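Working through the structure, step by step
So the chains spell out like this:
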Amino acid sequence: MLPSEPFASPAAASFDTPLDMLTSCHQKVLRCCAQLDKLPGYLAEHGVTPVVVTTLEGVLRYFDVAGPLHHADEERDLFPLLAARAPDSQPLLTEIAIEHITLEGMWARLREQLLAVNAGDAAALDTHLSQAFVQRYRGHIDHEEGELLPLAQQVLSTDELERIGGAMSARRRD
């Protein structure tokens, strides 16, 4: 069954530790992905229920608001510093930026379907698209956590990480 509140507050992540904050965001994405994995079976068995609506509101809110902020944190703050400190990382940064574009495009299509489901149309969900989005996002997180974040931890100074954290915090106040 889909829980009605899929987003527990993660402990310890803060803008003082921006790489931990990015990892915390990934954990929230993975929880959203788990909800999307369960959605087709739940809809088939129960239809559109208040639990579905509440859960999808959380998923929609995350990918509409927090997801774009997360990508901006990486592309505007983390990537330029990594490119300067580790010039050989440019192919990795380009790959991840392309992944962001792909995920955003997939989300735009999936979002419309999830809005239709929340409006009562259980048949609006393209299960193949939903599964592809989940699979692509999980691979993207593996890519970032396997290469990008370890590189950042290795080459960025404490001052640079503080600047990134400050920019991330400011972005959310705007």
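In what follows, the accompanying structure is described. (Residues numbered from 1 in each chain as written. Predicted model: local features only at pLDDT ≥ 70, side-chain atom pairs only at ≥ 80, totals over all residues. Heavy atoms only, no water.)

1. So, the packing of helix α2 (residues 50-85) against helix α4 (residues 127-155)
- Put simply, α2 and α4 touch, their axes get as near as 12 Å, and they point 35 degrees apart. Crossing handedness for the pair α2 and α4: left-handed. Note on element contacts: α4 touches α2 through Phe133, Tyr137, Glu144, Leu148, Leu149, Leu151, Ala152 and Val155, opposite Phe63, His70, His71, Glu74, Leu78, Phe79, Leu82 and Arg85. (Axes fitted to C-alpha atoms, helices over the stretch in contact; angles between N-to-C directions. Helix = DSSP H or I, 4+ residues; strand = E, 2+ residues; numbered from the N terminus. Left-handed = near helix turned anticlockwise from the far one by under 90°. Contact = heavy atoms within 4.5 Å.)

2. So, the state of the cysteines
- Summed over the entire model, instances satisfying the criterion amount to 0 disulfides.
- Between cysteine 25, a cysteine without a disulfide, and cysteine 32, which holds the nearest cysteine sulfur, the sulfur-to-sulfur distance is 11 Å.
- Owing to a relative accessible area of 7%, cysteine 25 belongs among the buried residues under this scheme.
- The thiol sulfur of cysteine 33 is not disulfide-bonded, and the nearest other cysteine sulfur, from cysteine 32, lies at 6.9 Å.
- Under the relative-accessibility criterion, cysteine 33 is labelled buried at 0%. (Disulfide = S-S within 2.5 Å. Buried < 20%, exposed > 50% of the residue type's maximum accessible area, 1.4 Å probe, protein only.)

3. Brief notes about the side chain of histidine 140
- As for its position among the elements, histidine 140 is in helix α4.
- On the accessibility criterion, histidine 140 (2% relative accessible area) is buried.
- A polar side-chain atom of histidine 140 sits 2.4 Å from a polar atom in the side chain of glutamate 99.
- Discounting residues that sit within four places of it in the chain, histidine 140 has contacts with Ile96, Glu99, His100 and Leu103. (Polar contact = N/O pair within 3.5 Å; in protein donor to acceptor, adjacent residues only side chain to side chain.)

4. Section: the pattern of salt bridges
- Counted under the stated rule, the structure contains 7 salt bridges.
- A salt bridge links glutamate 112 to arginine 111; the nearest nitrogen and oxygen atoms lie 3.5 Å apart.
- The structure contains a network of salt bridges with shared partners spanning Asp73, Asp77, Arg171 and Arg172. (Salt bridge = Lys/Arg side-chain N within 4 Å of Asp/Glu carboxyl O.)

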